[in-house]
Amino acid sequence: MKEFIRQLEPRTIHVTFGFLYGISLLLALFPPLYLAASGVSTRILGLPFSIFYWLFDGLLVGLSLWALYLVEGIRGELDEAFAVVSGPSVGSPSSPTGE
């Protein structure tokens, strides 16, 4: 599986995750979808469908971000190294302005 993910084109990954984020954005920001869901009296896991709708949307975003993190980790695209720059801070006695 890792080898398959490494061989994927960056465009394929961007389109796939862009589609997932677009669906979650549509669910969150397109009022007719939520208004249609709010009229449903079905309960899922004891919750009204309208509440489950928002929980599903949040889970979709969270799991998509987690999956993208895993994919970028497998492909070696994560920025894990941070450069530490040392030098005088503003207003310290060793600053060039002497303040």
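A. Molecular detail of helix α4 (residues 49-75). The end-to-end C-alpha distance of α4, which contains 27 residues, comes to 38 Å, matching closely the 39 Å that a straight helix rising 1.5 Å per residue would cover. If you check which residues of α4 are buried, you get S50, Y53, D57, L60, S64, L68, V71 and R75. Elements that come into contact with the buried residues of α4 comprise α1 (2-7), α2 (10-29), α3 (31-38) and β2 (47-48). Looking one or two places after α4, you find G76, whose phi comes out positive at around 75°.

B. Summary view of the pattern of salt bridges. The full count for this structure, using the stated rule, is two salt bridges. Among the ionic pairs, R6 bridges to E3, the shortest N-O distance being 3.6 Å. Within this pair, R6 and its partner E3 are both found in helix α1, separated by three residues, close to a single helical turn. In this structure, the salt-bridge partner of E77 is R75, at a minimum N-O distance of 3.0 Å.

Definitions and cut-offs
- Residue positions are given per chain, counting from 1 as you read along its sequence in written order.
- Only residues with pLDDT of 70 or above have their local features reported here, since the model is predicted, and side-chain atom pairs are shown and tallied only from 80 upward, although totals for entire chains, interfaces and linings are computed over all residues.
- Computation of side-chain values covers all heavy atoms of the structure but excludes hydrogens and water.
- Helix and strand assignments come from DSSP, with helices taken as H or I runs of at least 4 residues and strands as E runs of at least 2, each series counted from the N terminus.
- Expected span of a helix: the number of residues minus one, times 1.5 Å.
- Per-residue accessibility, obtained with a 1.4 Å probe over protein chains only, is compared with the maximum for each type, and a residue is labelled buried under 20%, exposed over 50%, and partly exposed between these values.
- Any two residues whose heavy atoms approach within 4.5 Å at even a single point are treated as in contact.
- Here, a salt bridge means any side-chain nitrogen of Lys or Arg that lies within 4 Å of a carboxyl oxygen of Asp or Glu.

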